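Below are the chains, spelled out letter by letter.
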Amino acid sequence: MTAENLKGRFAPSPTGRMHLGNMATALLSWLSAKSRGGRWLLRIEDLDPQRSRLEYAQLIEDDLQWLGLDWDEGGIDGRGSAGPYMQSQRGDIYAEYLGRLIESGDVYPCSCRRKDLLSTQAPHLADGRVVYSGRCRPAPTPPYNVSRNDFDARAARLYVAPGVIDYTDGVFGPQSVDLARECGDFILRRADGAWAYQLAVVADDALMGVTEVTRGCDLLLSAAQQIYLMRRFGWQPPQYYHVPLVCNESGQRLCKRDRALDMEHLRRRFSAAQLLGELACICGLQLTPDATSLPALLSNFSWSSVPARSSIITAL
Ligand code: GLU
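Not measured: the values here are computed from a predicted model.

(A) Looking closely at the site of the ligand. In the vicinity of the ligand, the residues found are Arg9, Ala11, Pro12, Ser13, Glu45, Tyr197, Arg215 and Leu219. One of the backbone nitrogen or oxygen atoms of Ala11 is found 2.8 Å away from a nitrogen atom of the ligand. Between Ser13 and the ligand, the recorded distance is 2.9 Å, taken from a side-chain N or O atom to a nitrogen atom. Per-class residue counts for the shell around the ligand are four nonpolar, one polar and three charged.

So, in structure tokens, the structure goes:
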């Protein structure tokens, strides 16, 4: 990978004010791309119309800039040669790529509702996920002879072929996922017409030229789904870096509803240099939370310092 085509991205959902964990992910993503001379883009993942708000997207931009994490492409208004990068404005692109899969016969209409899925005999995995039972599959294997109209008021579900997806995560190392067994056929567009995260992310990462993805390790299994989809389209998957989730003192993962460690509060307590020091310490980039600067962090950055743990507890 040469510096000219290395491109990282940060892809937050504007469903609340960012918290310490979101900022840790943003910092690692920025450092990874910038320490090797790459570009960094910001994509607002506002697919969920009920929960996404423009004012949160504006606060995301403001918080990133306050810490000095500037982007080369994307954001709400667009920056650089391309953009804006707002998923709510990209439905036509997702429709085109879904159409290609429908034409290739790999997608079928699904009328299962959540309660149907939960009540079937499908295996429930330890983390509560349900493996799709195949209830709506028109036949055990594709091609499925369906037209675009068959998807009115029904979800579009992608057939997952048997086989193992192998890839190496930049933090968690080699991964081997039997997608058909661990996840099953998955949704690309919901019955209400909303685009599924997997399709939108894959199309966006490929079309935006993203070569590395940094995000929370709760999305580790999603990487296998995304690699599967990337390969279906003939795209080269990016390098994934899944990072530990930041948890509060009681071991609970931070969420945007907890206000104590959100950026509104953190900006009152810390200067940008102090918060950088705290974040660097949380991410394993320095031993103590001494105030620091982006140039100092850039010169020492290495992914090998970031621990391959599912969570990191902070007492902040
Ligand atoms: N939009 C997702 C989030 O905010 C992240 C998705 C991704 O990075 O692939 O949790």
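(B) Inspection of the sheet that holds strand β5 (residues 155-158) at higher detail. Taking strand neighbours across the sheet as the criterion, the three strands line up as β4-β5-β8 in an open arrangement whose pairing is antiparallel. Of all the strands in the sheet, the pair left with one neighbour each is β4 (107-110) and β8 (186-189). Averaged over all pairs of adjacent strands, the angle between their axes in this sheet comes to 45°, without regard to strand direction. Relative to β5, β4 runs antiparallel, the two sharing four bridges. Looking across to β5, one finds that Pro109 is bridged to Ala156.

(C) Looking closely at the side chain of Thr314. One can find Thr314 in the segment after β12 (311-313). Within the structure, Thr314 has its side chain in polar contact with the backbone nitrogen of Leu316 (distance 3.1 Å). Not counting the four nearest positions on each side in its chain, Thr314 is found in contact with Leu20, Val246, Cys247, Asn248, Glu249, Leu261 and Ile282.

Cut-offs used in this document
- Residues numbered from 1 in each chain as written.
- Predicted model: local features only at pLDDT ≥ 70, side-chain atom pairs only at ≥ 80, totals over all residues.
- Heavy atoms only, no water.
- Near = heavy atom within 4 Å.
- Polar contact = N/O pair within 3.5 Å; in protein donor to acceptor, adjacent residues only side chain to side chain.
- Nonpolar A, V, L, I, M, F, W, Y, C, P; charged D, E, K, R; others polar.
- Pairing = 2+ DSSP bridges.
- Helix = DSSP H or I, 4+ residues; strand = E, 2+ residues; numbered from the N terminus.
- Axes fitted to C-alpha atoms, helices over the stretch in contact; angles between N-to-C directions.
- Contact = heavy atoms within 4.5 Å.

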